[in-house]
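An overview of the molecular structure
The chain contents come next:
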Amino acid sequence: MQIRFLAIILTIICSTFTSYSAETENIPEDAVKKPGLEKPDFKTDKNNPPKENLPLAQTPAGWTNSLKEAITRARSENKYIMALFTGSDWCEYCKLLDQEVFSTQAFSNWAEKNVIKLYLDFPKFHRLPDNISAQNIAIIQKLGIQGFPTVVFFTPRGEPLTSLGYLEGGGANWVKQIEMLLPKTLKIDTSLTDAISDSAQSNIPLLLGVYNSNSPDSKSAEEKINQTFSIPELALPSGTEIILARIDTAKLNKKESALLNRLTNNKPASKVILLNSNRDPLFSSTFDNTDAAELARKISTFIKKPDYNGKWLQDYSEGLKLARLYNKPLLLFFTGSDWCTYCEQMQKNIFQTEEFAKKSKDYILVELDYPRTFELPENIKMQNEVILNAFNIQGFPTVVVETSNGTPIGGIGYNSQSVDEFFKTIEDSLKNS
C-alpha cells in the first residue's frame, strides 16, 4: 500500500513543531508499506528530439488539464479536486494506476459523484501547450511532489487534504482506501420535490438556494449560492446534518412553483431559505450585500450537532465530522497501547491528568492504536493502517494536530514534557498555520 501526504505538508510538520524523537519506539515492520513511486527526471536527453518536434500529449476523456477550470467546477458542483501528477508516456506505475484503477467502473462511479479530475502531466516523449506546461511546473514546485504517480485531493476551496499513489487491489480497493481519509462532501439536490422528501425522511433541515436562470442576475446569484454551500461548516459535515438544494425557479413545474411560493410567501426571489423537516421556515436571506461566509455561519447555528464527551475516538471520519461541526482542531494519537513503553508514559503523565482534561476541551481527540496482543475491529484496523502510512509516522508515540478542515500542521512526540509544554507547542503551531 502506498499512501502519503504532500511533501510540503510533511515539511511544515517537521519545521513547525519541536522534535521529540528521543523517546519513541519503532512502529511494527508489517505496518510500513513500500511505495510504488517513480522519480521524475526532466533532464534533456541529447538523443531525444527537441520538444517542438514531439507529438502533442493528450488529456484523457473526463479529465481537465486546466487548474482554473477544475477550481471553477469544484466550487460550482461542490466536489473535491483530484489532481493526478503523472508521467503518461514513461512512468510504469502511472500506467498501472490507470489500467488497474482509473479504467475501472468502480472508480468511474465514485469519481463522477465526488471529484473534478485534474490531469497534470509531465511527459518525456510528448509536448504540452506552453501555458499548460508552465502551470504544471508551478504546481509541482509549490507542492513539492517527489514521485509519480501522486494523486492529491483538495477541498472545493482549494485546501489540501491528503494524497494517494499507486495501490494494488484495483479500483474498488483504491476508492475504499481514499474514502477513509477523505471527508465526504454533501450532495446538492436540484429537485425541490426530492429535497423536501429527503429532509422529511431524514428529519434534518433543508437549505434551499433559490435563483432564476432567466433573470439578469442569475450568474451572480448562482455563484453566491455555490459560495455559501462550499463553506466548510455546510459543505463538509458528514452528509447527515443538513440537506442542500440549488433550485432554479425557471425549471420548476407548476406544482413545484406553487409549493415554493407557499414556502416563500409568494416572493421566490434569489435567496437562501432554511426549512426544518416539517417545512417550517427557520431562516432566509437575499444576496444583497450579504457575505457568503456570514450566511453560512448563521445557517450553521441551526444544524444539530452530535454530542461529544471529550473522550478519545477510534473512528477518524467521526473525528473529522466533529472537528468541522464544532470548528475545533483534531489531536491524533498514534500509539501501541499494549507494547509501547513511552506511549504508556505519555498516557499516564499527560493524557490521564486533570489538566489535560481541561485543556483538551478545545480539541477533538482520536486515538489510532496498533496493538500486538489483541485485534481491533477490522474496519478500524484497516483505517489505522491507511492513516499510519498517509502521515508517514516513524515512531510511537506521535501526536499529530490537524486543523478543523483536516489539514495536518504539526506532529509531536514524548520527551517527558509537562502538559503545559505539550499544549504550548501545539498552540504555537496552530497560531502559525
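Residues numbered from 1 in each chain as written. Predicted model: local features only at pLDDT ≥ 70, side-chain atom pairs only at ≥ 80, totals over all residues. Heavy atoms only, no water.

Here's the deal with the overall build of the protein
Check the secondary structure of the protein and you find 16 helices and 15 strands. The burial tally for the protein puts 52% of its 433 residues in the buried class. For the protein, restricting intrachain contacts to residue pairs at least 6 apart in sequence, the fraction spanning at least 24 positions comes to 77%. Accessible area of the protein: about 20,800 Å², with a carbon and sulfur share of 47%. (Helix = DSSP H or I, 4+ residues; strand = E, 2+ residues; numbered from the N terminus. Buried < 20%, exposed > 50% of the residue type's maximum accessible area, 1.4 Å probe, protein only. Contact = heavy atoms within 4.5 Å. Areas by Shrake-Rupley, 256 points an atom, 1.4 Å probe, with all protein chains shown as cover.)

Quick look at the confidence of the model for the protein
Taken residue by residue, the protein gives an average pLDDT of 81. The fraction at 70 or more is 83%. When pLDDT is averaged over each element of the protein, strand E12 (residues 364-369) comes out on top at 96 and helix H1 (residues 7-16) at the bottom at 33. The low-confidence segment residues 1-22, where pLDDT is below 50, has 73 contacts with residues more than four positions distant or belonging to other chains. (pLDDT = per-residue confidence, 0-100.)

Comments concerning the nonpolar core
Within the largest apolar cluster, 43 residues are counted, with the highest numbers of intra-cluster contacts made by Leu331, Leu332, Phe334, Phe391, Phe396 and Phe422. Counting residues per element, this core draws most heavily on strand E11 (residues 330-335), which supplies 5 residues. In terms of nonpolar packing, the next biggest core, distinct from the first, is built from 22 residues, Phe153, Leu164, Tyr166 and Leu182 among them. (Core = buried A, V, L, I, M, F, W, Y, C linked by side-chain atoms within 4.5 Å.)

Digging into the pattern of salt bridges
Pairing between side chains becomes possible if they bear opposite charge and their charged atoms approach one another. One pass over the structure, following the stated rule, counts 4 salt bridges. Taking the shortest distance from any N to any O, the salt bridge between Lys95 and Glu92 comes out at 3.7 Å. Taken as a pair, Lys95 and Glu92 lie in helix H3 (residues 92-102) at a separation of 3 residues, close to a single helical turn. For the salt bridge of Asp428 with Lys424, the shortest nitrogen-to-oxygen distance reads 2.9 Å. Of this pair, Asp428 and Lys424 are both found in helix H16 (residues 419-432), 4 residues apart, which corresponds to roughly one turn of the helix. (Salt bridge = Lys/Arg side-chain N within 4 Å of Asp/Glu carboxyl O.)

Concerning unusual backbone geometry
Here the amide bond leading from Phe148 into Pro149 is cis, since omega sits at -5 degrees, within 30 degrees of zero. For the bond from Phe396 to Pro397, the omega torsion is -5 degrees, close enough to zero to count as cis. Positionally, Pro397 belongs in the loop between strand E13 (395-396) and strand E14 (398-402). Phi at Asn203 takes a positive value of approximately 60 degrees, unusual for a residue other than glycine. Residue placement: Asn203 occurs in the loop between helix H7 (192-202) and strand E7 (206-211). The exposure class assigned to Asn203 is exposed, which follows from its relative accessible area of 57%. Although it is not a glycine, Arg279 adopts a positive phi angle of roughly 70 degrees. When you line up the elements, Arg279 lands in the loop between strand E9 (271-275) and strand E10 (281-286).

Structural notes on the state of the cysteines
Under the counting rule described, the total for this entry stands at 2 disulfides. Bridging Cys91 to Cys94, the disulfide has an S-S length of 2.3 Å. Between Cys91 and Cys94, the disulfide has an S-S torsion of 80 degrees and is therefore right-handed. Each member of the pair, Cys91 as well as Cys94, carries the same accessibility label: buried. Sulfur-sulfur distance for the disulfide between Cys340 and Cys343 comes to 2.3 Å. The sign of the S-S torsion, about 75 degrees, decides the handedness of the disulfide formed by Cys340 and Cys343: right-handed. We classify Cys340 as buried; its relative accessible area is 0%. Take the cysteines of the protein that form disulfides and number them in order along the sequence; they join up as 1-2, 3-4. (Disulfide = S-S within 2.5 Å.)

A look at the packing of aromatic side chains
Here the distance between the centres and the angle between the planes together describe a pair of aromatic rings. By the definition in use, this model includes 23 aromatic pairs. Ring centres 6.3 Å apart and planes at 75 degrees place the aromatic pair Trp110 and Phe153 in the edge-to-face group. Pair noted here: Trp110 is in helix H4 (residues 105-114) and Phe153 is in strand E4 (residues 150-154), with a separation of 43 residues, a long-range link. What links up through ring pairs into an aromatic cluster is the set Trp63, Phe102, Phe107, Trp110, Tyr119, Phe153 and Trp174. Above the plane of the ring of Trp90 lies Lys124, whose end atom (NZ or CZ) is 4.4 Å from the centre. A cation over an aromatic ring shows up here: Arg372 above the ring of Trp339, its NZ or CZ 3.8 Å from the ring centre. (Phe/Tyr/Trp six-rings, centres within 6.5 Å; stacked < 30°, edge-to-face > 60°. Lys NZ or Arg CZ within 6 Å of the ring centre and 35° of its normal.)

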